[in-house]
Amino acid sequence: MQHRIIVLGAGYSGAIAAGRLAKRLRREDVAITLVNAEPDFVERVRMHQLAAGQDLEPRPLREMFAGTGVALKLAKVTSIDVDRKTVAVQSTEGTEELAYDTLVYALGSGGNDQGVPGVAEHAHQIASRPGALRLRERLAGLAEGETVLVVGGGLTGLEFVTELAETRPDLDVTLATRAELGDWLSSKGRAHLRKVIDRLGIAVYENAAVTAVGADRVTTADGRTFLAAVTVWTTGFAVHPLAAATSLELADSGRIVVDATMRSVSHPDVYAIGDAGHALGAGARPLRMSCASGTPMAWRAADSIAARLTDGKLTDTPLRYFNQCISLGREDGLIQFVTADDRAVDHALTGRFAARYKELVCKGAVWGVANPTLGIPVRRRRAVAERVEPKATARIAA
Ligand SMILES: Cc1cc2nc3c(=O)[nH]c(=O)nc-3n(C[C@H](O)[C@H](O)[C@H](O)COP(=O)(O)OP(=O)(O)OC[C@H]3O[C@@H](n4cnc5c(N)ncnc54)[C@H](O)[C@@H]3O)c2cc1C
């Protein structure tokens, strides 16, 4: 009898987890199904490039997973019943219910309007491909000198505002940030960021907490108004509401609370990874929504599931960070080295070398999807469940 593993979402974390599980376990023992709404793997870390008008390489999931032993199901997840252990999906063939023994929840996130009025109606976002494509079309129709305002001075906002200013020097590109520009970076990182922003002619409004967005303007908490033909909202990500409709234990952010093995603290048959999972990293700080967190979370979840199924060794050391990699257009970048719990240290790489480094990181992230056992020897282990039913089943469920 095969152990049924369903992985929901084929973004960075879900795709890596599915591939790694397939390498770790024998095909006779497990049936691994990867469910994704879209037929292509979406490089979310390049959505600012897509929005700015660059074309991205298509990456059909069917090709990526051909011959891996992972069954790909192109369908939209519409609900999950973690007590009955079923997932409802909708595809071109209609609705269907899938049953699982182990579920890996990796549905990622989308834009976060932070409850600010007018964002949903008037602002664009680049957290998803449809959003980035809509913005791309809108930007293509802008005339010389029109203003684009990017709200949010975090990693996504900085990457987009610099990409756009470099690609479209004819536009008036501006940035509104709640605090001071790059205030979490080292002094070298901050100085370099400021230099690039000045070189690209980007006007920056600092300490500007935007409280309302209109069709052609935003207003701030301290009463300032900034006019813009297009407003782009990049103030963080929010998870999809599917998990909130289940009995899973969630953090305030709506992310599923997991332990160091990425297993739900309320439902031991469920693992949550990537943006959807709330795990504590080094220093007991929640891992931030990022590829930098999602990839090791995926490795950890796959290894934990395989270990539990095969009586292997579990690892529960907290995950850690090494650097924050920020593109500043195609020819410049900033690699900010950080502590294990993601605080900037006084060491950063800048300029063209940093741009190359960042490009390698992006390419490496996709390569990691195709090579999910990175640095770790592949051990196809026979699942305990097959060898000693039914005792092992009880152990898996424990
Ligand atoms: C412009 C931009 C730049 C970024 N740059 C960086 C960076 O430099 N470094 C970094 O670490 N992070 C970066 N990030 C963040 C990073 O992209 C995300 O944190 C990461 O993609 C999360 O991975 P994930 O696997 O959790 O989710 P996702 O990559 O979002 O994947 C989720 C998958 O689930 C699918 N899905 C969603 N809902 C359903 C449903 N109901 N049914 C079926 N399928 C569904 C989606 O189609 C998708 O394939 C960036 C993000 C953006 C937008």
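Computed from a predicted structure; not experimentally measured.

Further remarks concern the overall build of the protein. Scanning the protein from N- to C-terminus turns up 11 helices and 23 strands. Its C-alpha atoms give the protein principal-axis dimensions of about 70 × 45 × 35 Å. By the burial criterion, 52% of the 398 residues in the protein qualify as buried. Counting only contacts in the protein whose residues sit at least 6 apart along the sequence, the fraction spanning at least 24 positions is 64%.

The 3 strands lie next to each other as S21-S22-S23, forming an open sheet whose pairing is antiparallel. Here the strands that pair on one side only, and so sit at the sheet edges, are strand S21 (323-327) and strand S23 (344-350). Pairs of neighbouring strands in the sheet enclose a mean axial angle of 20°, with direction left out of account. When strand S22 (residues 333-338) meets S23, the two strands line up antiparallel, connected through 4 bridges. Opposite Gln-336, over in S23, you have Ala-348 as the bridge partner. Its contacts with the sheet put helix H7 (residues 187-199) on S22 and S23, and the angle it makes with S23 is roughly 40°. In this fold helix H9 (residues 351-370) packs onto S21, S22 and S23, with an angle of close to 75° to the strand it touches most, S22.

It is worth spelling out the sheet that holds strand S5 (residues 86-91) at this point. Read across the open sheet, the 3 strands follow the order S4-S5-S6; overall the sheet is antiparallel. What marks the edges here is a single partner per strand, and that holds for strand S4 (76-81) and strand S6 (94-99). Taken pair by pair, the neighbouring strands of this sheet meet at an average axis angle of 20°, ignoring direction. As paired strands, S5 and S6 are joined by 6 bridges and run antiparallel to one another.

Taken N-terminus to C-terminus, the directions of helix H1 (residues 12-24) and helix H8 (residues 291-310) make an angle of 30°; their axes are 8 Å apart at the nearest point. Comparing the axis directions of H1 and H8 gives the class roughly parallel. Judged by the sense of rotation from one axis to the other, the crossing of H1 with H8 is right-handed. Packed against H1, whose contacting residues are Tyr-12, Ser-13, Ile-16, Ala-17, Arg-20, Leu-21 and Arg-24, the element H8 presents Cys-291, Gly-294, Thr-295, Ala-298, Trp-299, Ala-302, Asp-303, Ile-305 and Ala-306 at the interface. Residues of the contact of H1 with H8, tallied by class, amount to 10 nonpolar, 3 polar and 3 charged.

Turning next to the domain arrangement of the protein. Assigned domains of the protein: these are domain 1 (3-110 + 238-321 + 379-397) and domain 2 (116-233). Each of domain 1 and domain 2 has a C-alpha centre, and these two points are 33 Å apart. Between domain 1 and domain 2, the residue contacts involve 16 residues of the former and 15 residues of the latter. Across the interface of domain 1 and domain 2, roughly 1,300 Å² is buried in total on both sides, 59% from carbon and sulfur atoms. Between the two partners, domain 1 and domain 2, sit 2 salt bridges.

Here we take up the packing of H1 against H9. H9 packs onto H1 with a crossing angle of 35° between their chain directions and a minimal axis gap of 7 Å. Contact residues: H1 offers Tyr-12, Ala-15 and Ile-16, while H9 offers Ala-365, Gly-368 and Val-369. Class assignment of the residues belonging to the contact of H1 with H9 gives a composition of 5 nonpolar, 1 polar and no charged.

Further remarks concern the nonpolar core. Among the nonpolar cores identified, the biggest contains 61 residues, and Ile-5, Leu-8, Val-77, Tyr-105, Met-262 and Ile-273 are the most heavily contacted of them. Leu-139, Leu-142, Val-173 and Ile-197 belong to the second largest nonpolar core, which has 32 residues in total.

Unusually for a residue other than glycine, Gln-114 sits at a positive phi of about 55°. Of note, Gln-114 is situated in the loop between strand S8 (109-111) and helix H4 (119-122). With a phi angle near 55°, Ala-284 is a residue other than glycine that sits in the positive phi range. Within the element layout of this structure, Ala-284 appears in the loop between strand S20 (277-278) and H8.

Rules used throughout
- Residues numbered from 1 in each chain as written.
- Predicted model: local features only at pLDDT ≥ 70, side-chain atom pairs only at ≥ 80, totals over all residues.
- Heavy atoms only, no water.
- Helix = DSSP H or I, 4+ residues; strand = E, 2+ residues; numbered from the N terminus.
- Buried < 20%, exposed > 50% of the residue type's maximum accessible area, 1.4 Å probe, protein only.
- Contact = heavy atoms within 4.5 Å.
- Pairing = 2+ DSSP bridges.
- Axes fitted to C-alpha atoms, helices over the stretch in contact; angles between N-to-C directions.
- Parallel < 35°, antiparallel > 145°, perpendicular 65-115°, else oblique.
- Left-handed = near helix turned anticlockwise from the far one by under 90°.
- Nonpolar A, V, L, I, M, F, W, Y, C, P; charged D, E, K, R; others polar.
- Domains from an automatic or database assignment.
- Buried area = accessible area lost by both parts, 1.4 Å probe.
- Salt bridge = Lys/Arg side-chain N within 4 Å of Asp/Glu carboxyl O.
- Core = buried A, V, L, I, M, F, W, Y, C linked by side-chain atoms within 4.5 Å.

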